[in-house]
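What follows is the residue order along each chain.
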Amino acid sequence: MPVDRPDALPAARRPYRLAGGLPGLLEPGASTDPYRLRLYRVLRTDFPLGYDPALGGYLLSRYADVALALTDPRFTGFPHDGAQPGPAPAPLGLCRGSVVCAPLPGDPPPAPAARRRAVERTAYVLARRISRRERADLVSEFCDWLPAGAAAASDRLSYPDLRALSRPAPRHLPARPAACATHTAVRERALAAFLANMLDHPDLLAAVRSGPPPGGGEPPAGTGSRSLFERAWTETLRRDPPVQIVLRRTRTAVRVSGGALPAGAPVACLLGAAGRDPARFTAPDRFDPLRADADPLLCGPAGCPAAVLGRLEAEHGLRALLDAMPGIRWADGFRPSASGVLTRAPRSLLVRPA
């Protein structure tokens, strides 16, 4: 019996069905692993357009439909309907979705040299602390502190004092572009997913270690005009997006592959499903930074301060870990496991520093 069929799965791993057979995203068990449950696959194939009462919106799971909702001016931001509509990609992922996410005239660039240096310095401080241990959890001892520690370092602290740091309280609509970068929780999840993918592929770690330093040099052979790191970061945001669902609203009636959306309808774009749509990506479950069908759409606005900082933290974080612990590897018997359906990332990353 084919394993891809939901009825071939054990009962505990079958998608929970709502009335009409639609899998419920917020029902018990769905958030554990929507990939292993074939939840996204069932939605793409059997329910490309359905209404989830728990989310209060229509579900879009196919890449073509999600891309349409993120770029077409017939859709706007929701619940912040003032967010910029297309043709540029809508705020998603690391971006908070604010109308002032993009730098305003007269504002400093999103990643000034001082912030870059702060990220790099903080990453090396944290990595050196971990390197002295026989076993460490990169989530609780590195990913959860690098974004906040870098922010503290950029505020003229000589080093990140982990006892004094705290995550800022979330705000739904930042007043200034800089505020977009103060929300660190999603960047922590993105960093954890990125490190998990890289540690799963020692050959990629070796290639990054031997590649050019940040800010200069030629990319490794075979990666074209983009560095291997950039490709791995883009691939992580496609395969394992930290934010799995982005909300939009139709301005007018819109036809998608599964039917028609009415005007004024709330729409849930399932990034986790769209990023693994076999109609768009070859071998979509495979982590492949060198794939020929890479697509930056799911990375979000390139100029968003949070997106820029997320990339900096991943790049300098990985390099700091490799410099401090050249032999870093998974702890004996450990395998990373992600969870969550609204936001998603590994809860722990147990490693042996040497």
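This one's a predicted model, so the numbers in the text were calculated from it and none came from an experiment.

Caption draft 1: Focus on the overall build of the protein. Scanning the protein for helices and strands turns up 11 helices and 12 strands. The long-range share in the protein, meaning contacts at least 24 apart out of those at least 6 apart in sequence, stands at 68%. Surface exposure of the protein reaches about 15800 Å², of which carbon and sulfur atoms provide 55%.

Caption draft 2: Broad picture of the sheet that holds strand β9 (residues 329–330). The sheet built from 3 strands is open, its strands ordered β4-β12-β9 with antiparallel pairing. Every other strand in the sheet has two partners, leaving β4 (136–137) and β9 as the edge strands with one partner each.

Caption draft 3: Quick look at the pairing of strand β5 (residues 245–250). Two strands pair when backbone bridges link them, and strand β3 (residues 75–77) and β5 are joined in this way by 3 bridges, in the antiparallel orientation. Of the residues in β5, the one forming a bridge with G77 is R248. Here 5 bridges tie β5 to strand β8 (residues 266–270), and the two strands are oriented antiparallel to one another. Bridged to V246 within β8 is C269.

Caption draft 4: Summary view of the packing of aromatic side chains. Counted by the stated rule, this structure contains 6 aromatic pairs. With 5.2 Å between their ring centres and 75° between their planes, Y51 and Y58 make a pair best called edge-to-face. Taking the relative accessible area as the measure of exposure, Y51 reaches 42% and is therefore partly exposed. Each ring, one from F194 and one from W233, has its centre 5.7 Å from the other, and the planes form 75°; the classification is edge-to-face. On the criterion of sequence distance, the pair formed by F194 in helix α7 (residues 185–199) and W233 in helix α9 (residues 228–239) is long-range, its members being 39 residues apart. Owing to a relative accessible area of 0%, F194 belongs among the buried residues under this scheme.

Caption draft 5: Broad picture of the sheet that holds β3. Here we have 5 strands laid out as an open sheet, ordered β1-β2-β8-β5-β3, and mixed in their pairing. Here the strands that pair on one side only, and so sit at the sheet edges, are β1 (49–52) and β3. With strand direction ignored, the average angle separating the axes of adjacent strands in the sheet is 40°. Together, β2 (57–60), β3, β5 and β8 form the strand contacts of helix α2 (residues 63–71), whose direction differs from that of β8 by roughly 125°.

Caption draft 6: Structural detail: the pattern of salt bridges. As enumerated under the stated definition, the model contains 15 salt bridges in all. Between E141 and R133 there is a salt bridge, with its nearest N and O atoms 1.6 Å apart. Residue class for R133 comes out partly exposed when judged on its relative accessible area of 40%. Ionic contacts of the salt-bridge type, sharing partners, join the residues R41, R239, D240, R276 and D285 into one network.

Caption draft 7: Expanded view of α2. Where α2 is concerned, the buried positions are Y63, D65, V66, A67, A69 and L70. Summarising the contacts, the buried residues of α2 are in contact with β2, β3, β5, β6 (254–256), β8 and α10 (271–274).

Caption draft 8: Summary view of the nonpolar core. Residues L138, F142, F194, L195 and M198 are the most contacted members of the largest nonpolar core, which totals 63 residues. At 9 residues, α7 tops the list of elements feeding residues into this core. Ranked by size, the runner-up nonpolar core spans 16 residues in total, among them A30, V42, F47 and A268.

Caption draft 9: Examining helix α8 (residues 202–210) more closely. Here α8 has its buried residues at L204, L205 and V208. On an axial view of α8, the arc spanned by its buried residues comes to 100°, and they lie on one face. Looking at α8, the residues exposed on the side facing more than 90 degrees away from the buried face are P202, D203 and S210. Elements in contact with the buried residues of α8: α7, α9 and α11 (305–324).

Caption draft 10: Quick peek at unusual backbone geometry. Of note in the backbone geometry, A283 takes a positive phi value of approximately 45° without being a glycine. Assignment of secondary structure puts A283 in the loop between α10 and α11. When its relative accessible area of 32% is taken as the criterion, A283 is described as partly exposed.

Caption draft 11: Looking closely at the environment of P53. Relative to the assigned elements, P53 resides in the loop between β1 and β2. The exposure class of P53 is exposed, given its relative accessible area of 58%.

Cut-off values and rules
- Residues numbered from 1 in each chain as written.
- Predicted model: local features only at pLDDT ≥ 70, side-chain atom pairs only at ≥ 80, totals over all residues.
- Heavy atoms only, no water.
- Helix = DSSP H or I, 4+ residues; strand = E, 2+ residues; numbered from the N terminus.
- Contact = heavy atoms within 4.5 Å.
- Areas by Shrake-Rupley, 256 points an atom, 1.4 Å probe, with all protein chains shown as cover.
- Pairing = 2+ DSSP bridges.
- Phe/Tyr/Trp six-rings, centres within 6.5 Å; stacked < 30°, edge-to-face > 60°.
- Buried < 20%, exposed > 50% of the residue type's maximum accessible area, 1.4 Å probe, protein only.
- Axes fitted to C-alpha atoms, helices over the stretch in contact; angles between N-to-C directions.
- Salt bridge = Lys/Arg side-chain N within 4 Å of Asp/Glu carboxyl O.
- Core = buried A, V, L, I, M, F, W, Y, C linked by side-chain atoms within 4.5 Å.
- Arc of directions from axis to C-beta.

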